[in-house]
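Inside the fold
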Amino acid sequence: MSQGVRTRPEGSGQPLSEAYDTALLDLDGVVYAGGSAIAHAVDSLAVARSGGMRLAYVTNNALRTPDTVAGHLTELGIPTGADDVITSAQAVARLISEQVPAGARVLVIGGEGLRVALRERGLVPVESADDDPAAVVQGYGGPDLPWGRFAEASYAVRRGVPWFASNTDLTIPSGRGIAPGNGAAVEVVRIATGAEPKVAGKPLPPMHRETIIRTGAKHPLVVGDRLDTDIEGAFNGGVDSLLVLTGVTDGAQLLAAPPHHRPTYVDADLRGLLTGQPEVTGAGDGDGAGFRCGGWTATAGADRLELAGDGEALDGLRALCAAAWTAAGEGSCALDGGKALARLGL
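Below you will find a few notes about this structure. Small disclaimer: the values here were computed from a predicted structure and weren't measured. (Residues numbered from 1 in each chain as written. Predicted model: local features only at pLDDT ≥ 70, side-chain atom pairs only at ≥ 80, totals over all residues. Heavy atoms only, no water.)

1. As for the environment of A342
Short version of the rule: Secondary structure elements follow DSSP: runs of H or I of four or more residues count as helices, runs of E of two or more count as strands, with numbering from the N terminus. Each residue is assigned to one of three classes by its accessible area relative to the maximum for its type, calculated with a 1.4 Å probe on protein chains only: buried under 20%, partly exposed between the two thresholds, exposed over 50%.
Counting through the fold element by element, A342 comes out in helix α12 (residues 338–344). Residue classification places A342 among the exposed residues on the basis of a relative accessible area of 56%. A sequence separation of 314 residues divides A342 from D28, and the C-alpha atoms of the two residues are 26 Å apart.

Spelled out as structure tokens, the structure:
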């Protein structure tokens, strides 16, 4: 169930690496963090690949080229080719190419990843609003992007030049903590111009379309750590998703997720690709009797989530999600689940 109101995580009798032909993996918070591989990522991906699953790496970061990303993954012990990497720069370049003439000039506010992607689509990157651009594209340019680049974008957009953005993630993880992302930079130009960009990256359809075109996936599984990009993007694309708890999403955010942020599966890390997923079942005659997963039973009371039993913490979290999502329906769960999560150590 990839659309509509999800009331519980799903189960799988097969390892996910066998049930799906392609894993569409986010990078930051899933495969690596701060430049280093996340625990179990390298070995898990090697086993999934050896079993026949294609691995594709899908990132909203438009700064680095696919070659650079592939080289970094290979250095971490994950053999990767440039064709295995899909970036929001590629998605926005295709979007622009469909709306401007071939060979058109495009004002670039960002890094080399954008320039390479535009050239791949036969477009010409330029640096000034006075270079007669047919479009403006804005992508993450790194911490050293000069402030004057935002002014250059504003000049062109105010003249009526169409404005595109690779993505609008407000933050980006770094080795020192959380830094402003491209979405924060987009806000600068929006404030200066009052305009709205056309956006390509996750969770919007252009990014999913780019990924499917480049991978040829028939039965993909989106794997991510963010509800508002990875999981929402899977929802918008009508495909299944696996949330791993190695990145930004914690238990409380997962319990409160509205329908379009509810993953198909939940696991601690990428080892979840190599196993089946346990079923979450009704504990009694109906959903009102609660939900069971492993040794845990969870119910939604009048004003709180109740957890009983003993077992793997992750099973308890899955059961809690079923109780919370059923209670929430179309909205976000407002019940106090803090004590239940504390009991799970989450």
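2. A short note on the side chain of H72
Cut-off, in case you're wondering: Polar contact is defined as a pair of N or O atoms within 3.5 Å, subject to the rule that within protein one atom must be able to donate a hydrogen and the other to accept it, and that residues adjacent in sequence are counted only when both atoms are side-chain atoms. The contact rule is simple, with two residues in contact once any of their heavy atoms fall within 4.5 Å.
Inspection of the secondary structure assignment puts H72 in helix α3 (residues 66–75). Engagement of the side chain of H72 in a polar contact is seen with the backbone oxygen of G35, the distance being 3.1 Å. For H72, the contacting residues outside a window of four places in its chain are Y32, G35 and R64.

3. Concerning the sheet that holds strand β13 (residues 220–224)
So the rule is basically this: Whether two strands pair comes down to DSSP finding at least two bridges between them. Axis definition: a line fitted to C-alpha atoms, over the contacting stretch in the case of helices. Angles run 0 to 180 degrees between N-to-C directions.
The six strands lie next to each other as β5-β4-β1-β13-β14-β15, forming an open sheet whose pairing is parallel. With partners counted over all chains shown, the strands left at the sheet margins are β5 (85–87) and β15 (265–267), one partner each. With strand direction ignored, the average angle separating the axes of adjacent strands in the sheet is 25 degrees. Judged from the three bridges that link them, strand β14 (residues 240–244) and β15 form a sheet pairing that is parallel. Bridging from a neighbouring strand, V244 pairs with D267 of β15. Strands in contact with helix α9 (residues 227–237) are β13 and β14; relative to β14, the strand with the most contacts, it is inclined by about 155 degrees.

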